[in-house]
Amino acid sequence: MSALTVGVGTSHLENSHDAGAEACKLAFEKTEGKADVLIVFGAMRFDHKALLSGINAVAGEVPMVGGTTAGEISPEGFSEGSVVVMAITSPMLTFDPGIGLHMSNDEDACARALIADICSGAVIEEASSLLVFPNGMGGDGLKVLKGLQDVLGKSFEIVGGYLGDDMRFKHTFQYYNGRVYRDAIVGLLVSLKGDFRTGIGVRSGFESIGNSFYCTSSEGNVVKEFDNVSALGLYREFLGEERFKRLPGICMEYPFGLIDEDAGSSGERYFQLRCGLNVDKKEGTITFTASIPEGSAVTLTSGSRGDVINGAREAAQQAMGRLRGVKPELIVMFSCVGRKLVLGRRTSEEVEVVRKCLGYDVPIIGFYTYGEIGPIDSSVEKLAEAKFHNETVVLWVLGSA
């Protein structure tokens, strides 16, 4: 038996049950009907119970993780309105799925519950990576990551994407072991043996377009003031009147960069992007996908379509470098929905540059997210801690000698 066998299937069928069955059959054709775990990403248009029923009809009780998206990624490239299934089987890998419920009630507690569920059947100390798929409309994404790191430690390799709902921004669905959930975090702990290793790439392509300023008043992920003036007022000053009229959508094109002063202690300047989700014109506040703590240094950023595509290329090159010469065997790609809005008709190009760099023959699955998790640079100790991002590509690449 091969050390690793991976199959990916995609379906665009209208009937949800049939779409799930077709995608799973296509994936299983490449694995000779075997799978240790399934990763599944589906568009919001489906009847999700029927979709998973179709997958289960083919796969049986194979462990499953995944959820809904703002766009799907597969060997076909970028698509919408589809379902993508990746089947993985290997005697050298161990997969332990888990789930935490009621994320919007307490993001930290939900993340801890996920790890507790995984630990009921796994030994964390023997694991290599955690892939997480949280509810993308469940509150403060940074609190999810903090909860995970409080249990696992800041050096543990964590990557993931916050699930989407095709830009409806109402609620998302999570897939776990053949069932559909809402307001949950689903995770997959991966343990490697032998000559397997992982390569992670994290890049955005966005650059600072101005001087830094400070968050002087915030409550959770709602920012009230920058530099002691209303957050929305300062943003309006930066954007100008014409762009300001396009709120809140313009937030995807001009995200804020939370300057990471710890990571940049030796002179570099690193930041994690933050997109505004909603604005309150009466109160002058901006609600972000994750919190910006008071006292944090912030900058405004922007990126052209070319910059964004080049960011994806750099992420792929970074992941390839981290594999240290071993061959890529599978790719999981997380890209922010904001990048899709910036790229428009060119969205497929960022998937193309990733595949060109890592290999067109390498199975790939992924989705457009409402937030991403990954390290700035896993090759540098002070940059290896997982961070919460927006407008960023995160690649998790599994390779073997």
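Quick caveat, the model's predicted, so the values are computed rather than measured.

Draft legend 1. Local environment of the overall build of the protein. Looking only at helices and strands, the protein features 9 helices and 27 strands. Taking 401 residues into account, the globule formula puts the C-alpha radius of gyration at 21 Å, and the protein, at 20 Å, falls close to it. Overall size of the protein, expressed as C-alpha extent along the three principal axes, is 60 × 45 × 40 Å. Taking all 401 residues of the protein together, the buried fraction comes to 59%.

Draft legend 2. Quick peek at empty space enclosed by the protein. What the rule picks out here adds up to 1 cavity of 30 Å³ or more. What the largest cavity holds in volume is close to 40 Å³. What lines the largest cavity is simply F169, M252, C275, L277, T289, C336, V337, Y370 and N390. The residue inventory of the lining of the largest cavity, partitioned by class, reads 7 nonpolar, 2 polar and no charged. Composition of the lining of the largest cavity by domain shows at least three residues from each of domain 1 (5-202 + 308-400) and domain 2 (207-302).

Draft legend 3. Region of interest: the layout of surface pockets. In this structure, the largest pocket occupies an estimated 560 Å³ of space. Around the largest pocket sit 23 residues that line it, and L142, D260, Q272, E385 and K387 are the ones nearest its centre. Counting residues per element, the ones that place at least two in the lining of the largest pocket are α4 (141-152), β18 (256-259), β19 (271-274) and β26 (386-389). Among the elements that take part in the lining of the largest pocket, α4 stands out by supplying 5 residues, more than any other. Here the lining of the largest pocket spans two domains, since at least three of its residues come from each of domain 1 (5-202 + 308-400) and domain 2 (207-302). Estimates place the volume of the second largest pocket at around 440 Å³. Contributing to the lining of the second largest pocket are 19 residues, with R203, S204, G205, F206 and F271 lying nearest its centre. Of all elements in the fold, only β13 (196-203), β14 (207-208), β19 and α7 (305-322) reach the threshold of two or more residues within the lining of the second largest pocket. The element that contributes the greatest number of residues to the lining of the second largest pocket is α7, accounting for 4 residues. Partitioning the lining of the second largest pocket into residue classes produces 6 nonpolar, 7 polar and 6 charged.

Draft legend 4. Up close: the pattern of salt bridges. For the coordinates displayed, the defined rule picks out 14 salt bridges. Bridged by salt links that share partners, the residues D108, R112, K146 and D150 form one connected network.

Draft legend 5. Just the sheet that holds strand β12 (residues 184-192), in detail. Here 6 strands make up an open sheet; going across it, the order is β7-β12-β8-β9-β25-β26 and the pairing mixed. At either end of the open sheet lies a strand with only one pairing partner, and these are β7 (93-101) and β26. For this sheet, the mean angle separating the axes of adjacent strands, direction not counted, is 25°. Its contacts with the sheet place helix α3 (residues 107-119) against β7, β8 (129-134) and β12, and it is angled at close to 145° to β7. Across the sheet, α4 is in contact with β8, β9 (158-161), β12, β25 (372-375) and β26; its angle to β26 comes to roughly 170°.

Quick notes on the rules
In this numbering scheme, every chain counts its residues from 1 along its sequence in written order. Given that this is a predicted model, residues contribute local features only at a pLDDT of at least 70 and side-chain atom pairs are listed and counted only at 80 or more, while totals for whole chains, interfaces and linings are drawn from all residues. Note that water and hydrogens are dropped before the side-chain values are worked out from all heavy atoms of the structure. Only runs of H or I of at least four residues qualify as helices and only runs of E of at least two qualify as strands under DSSP, and these elements are numbered from the N terminus. Note on method: radius of gyration uses C-alpha positions; expected globular size equals 2.2 Å times residues raised to 0.38. Buried, partly exposed and exposed residues are distinguished by accessible area as a fraction of the type maximum, computed with a 1.4 Å probe on protein chains only: under 20%, between the cut-offs, and over 50%, respectively. Lining residues are defined by having an atom within 4 Å of a point belonging to a cavity or pocket. Those points lie on a 1 Å grid over the protein atoms alone, cavities being sets where a 1.4 Å probe fits but cannot get out and pockets being open sets with protein on both sides within 12 Å along at least five of seven lines. Grid points are joined across faces, edges and corners, and a volume is the space filled by probe spheres set on the points. Under the convention adopted here, Pro, Cys and the residues Ala, Val, Leu, Ile, Met, Phe, Trp and Tyr are nonpolar, Asp, Glu, Lys and Arg are charged, and Gly plus all remaining residues are polar. Residue ranges for the domains originate in an automatic or database domain assignment. One side-chain nitrogen of Lys or Arg within 4 Å of one carboxyl oxygen of Asp or Glu is enough to make a salt bridge. Note: two strands are recorded as paired if DSSP finds a minimum of 2 bridges between them. Angles here are taken between N-to-C directions and fall from 0 to 180 degrees, while the axes themselves are lines fitted to C-alpha atoms, restricted in helices to the stretch in contact. Contact definition: two residues touch when any of their heavy atoms are within 4.5 Å.

By themselves, these figures tell us nothing about what the structure is for.
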